[in-house]
Amino acid sequence: MSNLKSIFSYDGILSKQIAGFRVRPQQLEMAQAIADTIAKRHILVAEAGTGTGKTLAYLVPALLEGGKVIISTGTKTLQDQLFRRDIPSVRAALQVPVTIALLKGRANYICHYYLERSLQDTHFSFINREEIQYLKQIERYAHISKEGDKSGLNEVPENASIWQQVTSTRDNCLGSECPSYKKCFVIEARKQAMTADVVVVNHHLFFADVMLRDEGLSELLPACNTVIFDEAHQLPETASLFFGESISTNQLLDLARDTRVEAIQAAKDFVDLPNTVNLVEKTIRDLRLTITEENTRLSLAAIKQNASFRNALDSLIEGLGNLKNLLDNQAERSEGLENCKQRAAHHLQLLQSWHADTEMHDHIRWIEVYHQALQLNATPLSIAEIFQKQILASSRAWIFTSATLSVKKDFTHYNKEMGLAIAQTACWDSPYDYAKQALLYVPTGLPEPHHNSYTDYVVKAALPVLRASRGRAFFLCTSLRAMQRVYELLLTADAFDFPLLLQGQGSRSHMLERFRQTPNAILIASQSFWEGVDVRGEALSLVIIDKLPFAPPDDPVLAARIEKINNEGRNAFMEYQLPRTVINLKQGAGRLIRDETDRGVLMICDSRLTTKAYGKQIWQSLPPMKRTREFSEVERFFNVDYDK
Ligand code: SF4
């Protein structure tokens, strides 16, 4: 594409039309590589350091040459930003007549059928007064809204539980049998996606609906010439989720709730149905109660020891079997009962596969335990083959991009995990001057990270740095427990009165807003703030990381994958655990420098960075900051900053 050079030049159309556009050689090179990949229908895995301008680098060739394009993002925030801001401005600058559609998961759209059903439901006992108020607001909004996207109704909080009653799930959507099918928001959004030139989705939707399973979207991918994954470092995790199988107690409770309401409306005379639903509901709750832990992951081996879990699972299977038999006889009385019958059969089949109590040779069975729910999962040990098959099944361009995909510009780990052996790879460094803008500080005197009081030592080392930076910091922890401890210690530290914000005190966007607006604030957070967070300028001048973010080795999926690699005579630590840690660390570290004028210190409190042989690989993967172990240098760095 010969005109890319002029488009990205000082006096090109982007420079004239896109606010804040700067000429960056890396960006042009990346755009050229993407144009080439699109033209040849190849696969490109491209790492672009912060500030490269990768969004424009893929949007320009995609809009000019991409044919039908799917752009998939890791977060809804980026999805909205692309749809509402970036794509329209590039389209206007290039003057290309492409149509755009935004497609979110079905839980984002109001469902007329379930809204109607909730409005008709006279058994309001499960809804409180506030929710009834919300329900009325949702009803009004559904009448006037064109898209039915719940993000357009600010009066009802995004996490209000009423949304579950008025949106559909893949399980309970009635599809073409639905009486509201013709005016359905989900169907309309999908129709628009089918006809648009550029469709913006997120990774969950891509794997759950576009690539797998969902009938309504099965035609979308075959029609596409180009697929672009932004924030592609998240794909291994997301793909693992969706290439596996799972069944949760919440899904089962939803089925029980829907069956009860459908029975009231279409099979009032058949009392066995609600009675059986009550019994099944009890067995679902009993199953959760057999596990005392919460917010943890358990392997099949661990759960095998738990006799009460196995008994509760037996009772649930028996109860669900009875419910399915009743529904077999009643299903013809309404579309809703028919749907419940099919779900009961499907859920029963999944539970019975757990009942068999055996490991599958290529999947790992494990349980995620939440506060009030649990989910039984079967996750593939490797997604490489499955994903590769999908990619090779057709001829189209695939582009994977993110600021963090490689380890020292080596993509072996990512490509192996995703099955992208034949992909081309490329790496563009950030245009920022890290040697001047940032300082990497690894304090001395810290014990090994497994030390009982490790977090206390970290805080002790961090206090002078936080004083020197006058707050203005993210304190990123690798566990919730460490996060809580850091908060307690800072709260009670002597002569330390910077405003403290703790992850969980509000929604992520609310916490970020408070951080930006509170002078000298310190935000103490865990995983939620390691990525996708952009705070420019002085408000964020220090990022502290408590320890190297190795995934917990007792995680059942990780443990099984490690065992598999080691059994093959390979080195799981070097091939799998270390690269994942590097990619995670690069994400956390990436919060610090967000533009040409940002300055700041990255403090990594983990002596393994200097004492272990692999430590060198880690810091060499970070942007080329000046490194120090001396606090005096940190002080000097901030003093220079103040003098400016
Ligand atoms: S088709 Fe599905 S999502 Fe649409 S209104 Fe009907 S049940 Fe709801």
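Above this text sits the structure in question.
Every chain begins its residue count from 1, and numbering advances along the sequence as written. pLDDT decides what is reported in this predicted model: residues at 70 or higher carry local features, side-chain atom pairs at 80 or more are listed and counted, and totals for whole chains, interfaces and linings draw on all residues regardless. Computation of side-chain values covers all heavy atoms of the structure but excludes hydrogens and water.

1. Considering the overall build of the protein chain
- For the protein chain, the count of helices and strands is 27 helices and 18 strands.
- Only C-alpha atoms enter the radius of gyration; for comparison, a globular chain is expected to reach 2.2 Å times N to the power 0.38, where N is the number of residues. A globule of 644 residues ought to have a C-alpha radius of gyration of about 26 Å, and the protein chain, at 26 Å, matches this closely.
- In terms of overall dimensions, the protein chain has C-alpha extents of about 80 × 60 × 55 Å along its principal axes.
- Each residue is placed in one exposure class: buried if its accessible area under a 1.4 Å probe, protein chains only, is under 20% of its type's maximum, exposed if it is over 50%, and partly exposed if it falls in between. Out of the 644 residues belonging to the protein chain, those deemed buried represent 57%.
- Sequence-distant contacts in the protein chain: of pairs separated by 6 or more residues, those separated by 24 or more amount to 77%. Starting at the N terminus, helices and strands are each numbered in turn, a helix being any DSSP run of H or I of at least four residues and a strand any DSSP run of E of at least two. The contact definition used throughout considers only heavy atoms, calling two residues in contact when any of these lie within 4.5 Å.

2. Some remarks on the packing of helix 10 (residues 203-211) against helix 11 (residues 235-243)
- At their nearest, the axes of helix 10 and helix 11 sit 9 Å apart, and the two run at 35 degrees to each other. In this structure, helix 10 meets helix 11 at a crossing whose hand is right-handed. Residues H203, H204, F207, A208 and M211 of helix 10 lie in contact with helix 11, whose contacting residues are L235, T238, A239, L241, F242 and F243. With axes taken as lines fitted to C-alpha atoms, and helix axes fitted only over the stretch in contact, angles between N-to-C directions fall between 0 and 180 degrees. Two helices that cross are described as forming a left-handed crossing if the nearer one is turned anticlockwise from the farther one by less than a right angle, and a right-handed crossing if clockwise.

3. A short note on the site of the ligand
- Any residue with at least one heavy atom within 4 Å of a molecule or strand is counted as near it. Around the ligand lies a shell formed by R106, C111, H112, Y113, S168, C173, L174, G175, C178, S180, C184 and V186.
- Put simply, Ala, Val, Leu, Ile, Met, Phe, Trp, Tyr, Cys and Pro go in the nonpolar bin, Asp, Glu, Lys and Arg in the charged bin, and everything else, Gly too, in the polar bin. For the shell around the ligand, the class distribution of residues is seven nonpolar, four polar and one charged.

4. Here we look at the state of the cysteines
- Cysteine sulfur pairs qualify as disulfides if the two atoms are within 2.5 Å. Within the structure shown, the criterion is met by zero disulfides.
- You can see C477 has no disulfide; the closest cysteine sulfur is in C605, sitting 9.3 Å from it.

5. Things to note about the environment of T492
- When you line up the elements, T492 lands in the loop between helix 21 (480-491) and strand 14 (500-502).
- The class of T492 is exposed, set by a relative accessible area of 62%.
- Think of a polar contact as two N or O atoms within 3.5 Å of one another; within protein, one of them needs to be a possible hydrogen donor and the other a possible acceptor, and neighboring residues in sequence only count if both atoms come from side chains. For T492, the side chain forms a polar contact with the main-chain oxygen of E488, separated by 2.9 Å.

6. Describing the pairing of strand 12 (residues 438-441)
- Burial along strand 12 is two-sided: the face carrying A438 and L440 and the face carrying L439 and Y441 are both buried.
- Should DSSP find at least two bridges between two strands, the strands are regarded as paired. Direction of pairing for strand 12 relative to strand 18 (residues 626-628): parallel, over a ladder of three bridges. The residue bridging Y441 from the neighbouring strand is T628, located in strand 18.

7. Topic: the packing of aromatic side chains
- Centre distance within 6.5 Å is the pairing criterion for rings of Phe, Tyr and Trp, where only the six-membered ring of Trp is used; planes under 30 degrees apart are then read as stacked, over 60 as edge-to-face, and the remainder as tilted. Here the structure, examined in full by the defined rule, presents 21 aromatic pairs.
- With a centroid separation of 6.5 Å and 85 degrees between ring planes, the pair formed by F206 and W398 is classed as edge-to-face. Within this pair, whereas F206 is found in helix 10, its partner W398 is found in strand 10 (residues 397-402), the two being separated by 192 residues in sequence. Here the two residues F206 and W398 agree in accessibility, since each one is buried.
- Among the aromatic side chains, those forming a connected cluster through ring pairs are F206, F207, F229, F243, F387, W398 and F400.
- For a Lys NZ or an Arg CZ to count as sitting over a ring, it must be within 6 Å of the ring centre and within 35 degrees of the ring normal. Lying over the aromatic face of W354, R365 brings its terminal NZ or CZ to 5.4 Å of the ring centre.

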